[in-house]
Amino acid sequence: MLAVALVVLAAIALLLFVLRVNRRDRQEIEGLVQENGRQENDLVARLDQARVDYEQALRGGDRDQAQTLGTVYYQRKTDYEYWAAPPLPLPDDRHLTSEERQRQEQEIERDNAALRSDLQARNEQLLEQDLRTMTP
């Protein structure tokens, strides 16, 4: 009877520990999600303001100012698009050697750099196109 009581008590203690850890993990995840939302809101606000400033400069006819503000806008657009791009799925690396894991990390870094470069090149082309169509 005493052994059963000890087992039940141990099971209850383990359950309480698991619930406490799960609650703490859930709170940490909620905090990360909220921070992620704040970061996105900040990025969107800066992007929107840069877009408004850039569009005003395009309508104003000052090519130098439009170039400067367009560079800012498209850089922020690149940052936002890069940030908002879906992440690459991480492979299950539990069974990988450290060399294989390092090779995968380098591939991910290369893929991320290529994504940023592609976004930046496309946005630079859009800036050039906007400036070409700008009315003097």
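Preceding this section is the structure that the text describes.
Quantities reported herein were computed from a predicted structural model and do not represent experimental measurements.

## Some details on the packing of aromatic side chains
So, point 1. Taken as a whole and assessed by the stated rule, the structure comprises four aromatic pairs.
So, point 2. Between Tyr80 and Trp83, the ring centres sit 6.2 Å apart and the planes meet at 35°, which makes this aromatic pair tilted. Residue Tyr80 and its partner Trp83 are located together in helix α2 (residues 63-84), separated by three residues, close to a single helical turn.
So, point 3. Its relative accessible area of 31% is what places Trp83 among the partly exposed residues.

## What to know about the packing of α2 against helix α3 (residues 98-132)
To describe two helices that pack against each other, one gives the angle between their axes and the distance between the axes.
So, point 1. Orientation of α2 relative to α3, taken along the N-to-C sense of each, is 150°, at an axis distance of 9 Å. With respect to each other, α2 and α3 are oriented roughly antiparallel. Crossing handedness for the pair α2 and α3: right-handed. Each of Arg63, Ala66, Gln67, Gly70, Thr71, Tyr74, Gln75, Lys77, Thr78, Asp79, Glu81 and Tyr82 in α2 lies in contact with α3, whose residues at this interface are Asn112, Leu115, Arg116, Leu119, Gln120, Arg122, Asn123, Leu126, Leu127, Asp130, Leu131 and Arg132.
So, point 2. Within the contact of α2 with α3, the residues separate by chemical class into eight nonpolar, eight polar and eight charged.

## Comments concerning the pattern of salt bridges
So, point 1. Overall, the coordinates contain six salt bridges when judged by the stated rule.
So, point 2. Taking the shortest distance from any N to any O, the salt bridge between Arg38 and Glu35 comes out at 2.9 Å. Note that Arg38 and Glu35 are positioned in helix α1 (residues 2-60) at a spacing of three residues, about one turn of the helix.
So, point 3. Among the residues examined, Arg38 registers a relative accessible area of 45% and is labelled partly exposed.
So, point 4. In this structure, Glu81 and Arg122 form a salt bridge, with 2.6 Å as the shortest nitrogen-oxygen distance. Of this pair, Glu81 sits in helix α2 while Arg122 sits in helix α3; the two residues are 41 residues apart in sequence, bridging distant segments of the chain.
So, point 5. Several salt bridges converge on common partners, so that one network encompasses Lys77, Glu81 and Arg122.

Analysis parameters
Residues numbered from 1 in each chain as written. Predicted model: local features only at pLDDT ≥ 70, side-chain atom pairs only at ≥ 80, totals over all residues. Heavy atoms only, no water. Phe/Tyr/Trp six-rings, centres within 6.5 Å; stacked < 30°, edge-to-face > 60°. Helix = DSSP H or I, 4+ residues; strand = E, 2+ residues; numbered from the N terminus. Buried < 20%, exposed > 50% of the residue type's maximum accessible area, 1.4 Å probe, protein only. Axes fitted to C-alpha atoms, helices over the stretch in contact; angles between N-to-C directions. Parallel < 35°, antiparallel > 145°, perpendicular 65-115°, else oblique. Left-handed = near helix turned anticlockwise from the far one by under 90°. Contact = heavy atoms within 4.5 Å. Nonpolar A, V, L, I, M, F, W, Y, C, P; charged D, E, K, R; others polar. Salt bridge = Lys/Arg side-chain N within 4 Å of Asp/Glu carboxyl O.

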